[in-house]
Amino acid sequence: MTAQAGLLATELEARGFLAGIGKTILILIIILVVIGALIGFSVARRFGQRR
């Protein structure tokens, strides 16, 4: 019984850890997309001014 409770606790902790990693990766992806959009916008504006 104690071993099962210990395993359950470790499994829940691992799931919480994975969920935390997932949120971190999601935030990083969003930041990269925003940075990419800003760079693309500034590059497009520069090319637009040259014409």
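Residue positions are given per chain, counting from 1 as you read along its sequence in written order. Where local features are concerned, this predicted model is filtered to residues with pLDDT of at least 70; where side-chain atom pairs are given and counted, the filter is 80 or more; whole-chain, interface and lining totals use all residues. Hydrogens and water are ignored here; the side-chain numbers use all heavy atoms of the structure.

**Here we look at the overall build of the chain**
This is how the line gets drawn: Helix and strand definitions here come from DSSP, where helices need a minimum of 4 consecutive H or I residues and strands a minimum of 2 consecutive E residues; each element is numbered from the N-terminal end. Our radius of gyration is a C-alpha quantity, and the globule rule it is checked against amounts to 2.2 Å times the number of residues to the power 0.38. Note on areas: Shrake-Rupley, 1.4 Å probe, and residue coverage restricted to the protein chains presented here.
Per the secondary structure count, the chain includes one helix and zero strands. By the compact-globule yardstick of 10 Å for 51 residues, the chain is too spread out, its C-alpha radius of gyration being 22 Å. Principal axes of the C-alpha set define a box for the chain whose edges measure 75 × 5 × 5 Å. On the chain, roughly 4900 Å² of surface is accessible, and the fraction owed to carbon and sulfur atoms is 73%.

**Overview of the pattern of salt bridges**
Our working rule: Here a salt bridge means any side-chain nitrogen of Lys or Arg lying within 4 Å of a carboxyl oxygen belonging to Asp or Glu. Partly exposed describes any residue whose relative accessible area lies between the buried limit of under 20% and the exposed limit of over 50%, with all areas from a 1.4 Å probe on protein chains only and scaled to the type maximum.
Applying the stated criterion across every chain yields a total of one salt bridge. A salt bridge links arginine 15 to glutamate 11; the shortest N-O distance between them is 2.8 Å. Here arginine 15 pairs with glutamate 11, and both are found in helix α1 (residues 2-50), just four residues apart, close to one helical turn. Take arginine 15: its relative accessible area is 52%, and that puts it in the exposed class.

**Digging into the environment of serine 42**
To keep things clear, this is the line we draw: Two N or O atoms count as a polar contact when they lie within 3.5 Å, although within protein this holds only if one can serve as hydrogen donor and the other as acceptor, and sequence-adjacent residues are included solely when both atoms are side-chain atoms.
Structurally, the position occupied by serine 42 is in helix α1. For serine 42, a relative accessible area of 28% gives the class partly exposed. At 2.9 Å, the side chain of serine 42 forms a polar contact with the backbone oxygen of isoleucine 39.

**Details of a nonpolar patch on the surface**
Convention followed: Each patch groups residues whose relative accessible area exceeds 30% and which form no salt bridge, using 9 Å between like charges and 5 Å between nonpolar side chains of Val, Leu, Ile, Met, Phe, Trp and Tyr.
Taken together, Ile27, Leu28, Ile31, Ile35, Ile39, Val43 and Phe47 make up a surface patch of nonpolar side chains, about 630 Å² in accessible area. Tracing the sequence through the fold places isoleucine 39 in helix α1.

Nothing here speaks to function; it is all geometry.
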